[in-house]
Amino acid sequence: MNLVKCDNEHFFDSDKFDSCPHCANLLANVKTSDLLGRNQKRIETVIPDESCLKNYQKIGHRKVTGWLVCIEGEMKGDSFTLFEGLNHIGRAANMDVALFKEPTVSRENHALLEYKKDTNTFILTASPDVETPILHNNNQLKKEETCFLSTHDILILGECKLCFIPFCDESFIWTE
């Protein structure tokens with residue numbers, strides 16, 4: 001922490017902020033009198049009518065189907081939510097499973113993990129462009145090869161080891 005004082009006598013951590021966030025809030029006319037929300041009970045909750053809601057449906061909402069948990073590597077202890085349909089695995093921030101601290105994982109589409117609702121199955125596919133091998137329970141997948149996943153299967157992408165935990169299985173499946 002590097003505590004500094006701005007020209008307006010505000011203290012802030014310069015390791016986190018390039019300029020004074022207090023001054024920025026003042027310029028933006030942000031009200032800071034109720035930062036803890038103590039006065040929120042005085043504000044009416046407005047529930048919009050159906051005609052308003054239909055224009056603002058959540059685009060591309062996908063339900064949770066399981067998780068990958070990093071058990072070895074730079075992101076050990078982190079979990080990654082899997083959703084219906086295709087889940088892209090890579091190092092880039094736009095991946096569904098963003099292993100951004102794992103230098104041995106390709107930036108984009110190192111692998112694909114798909115949940116198929118009609119068969120209630122999870123399928124892992126090795127990318128055709130990846131040079132680093134992908135292991136499923138210590139068996140190497142060839143480029144574009146697929147395999148079905150089961151509870152607690154181990155996936156190794158580069159030096160990152162992930163454990164597969166399904167939410168959708170024989171005991172639960174999402175219904176419409």
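Higher on the page you've got the structure.
Residues numbered from 1 in each chain as written. Predicted model: local features only at pLDDT ≥ 70, side-chain atom pairs only at ≥ 80, totals over all residues. Heavy atoms only, no water.

Draft legend 1. Local environment of the overall build of the chain. A count of helical and extended segments in the chain gives 2 helices and 13 strands. Out of the 176 residues belonging to the chain, those deemed buried represent 30%. (Helix = DSSP H or I, 4+ residues; strand = E, 2+ residues; numbered from the N terminus. Buried < 20%, exposed > 50% of the residue type's maximum accessible area, 1.4 Å probe, protein only.)

Draft legend 2. A look at the sheet that holds strand β6 (residues 97–98). Strand order in the open sheet made by the 5 strands is β6-β5-β7-β8-β11, with mixed pairing throughout. In this open sheet, the two strands that pair with only one neighbour each are β6 and β11 (146–148). Bridge count for strand β5 (residues 85–90) against β6 is 2 bridges, and the pairing is parallel. Bridged to Ile 89 within β6 is Val 97. (Pairing = 2+ DSSP bridges.)

Draft legend 3. Just unusual backbone geometry, in detail. Positive phi, close to 50 degrees, is recorded for Asn 109, a residue that is not glycine. Note on placement: Asn 109 falls in the loop between β6 and β7 (111–116). Residues other than glycine seldom take positive phi values, yet Asn 120 does so here, at roughly 55 degrees. The topology assignment puts Asn 120 in the loop between β7 and β8 (121–126).

Draft legend 4. Spotlight on the sheet that holds strand β3 (residues 64–72). Pairing is antiparallel across the open sheet formed by 6 strands, whose spatial order is β4-β3-β13-β12-β9-β10. At either end of the open sheet lies a strand with only one pairing partner, and these are β4 (79–83) and β10 (139–141). Each neighbouring strand pair of the sheet contributes to a mean axis angle of 30 degrees, computed without reference to strand direction. Strand direction decides the pairing type here: strand β9 (residues 134–136) and β10, joined by 3 bridges, are antiparallel. Residue pairing across strands places His 136 opposite Asn 139, the latter belonging to β10. (Axes fitted to C-alpha atoms, helices over the stretch in contact; angles between N-to-C directions.)

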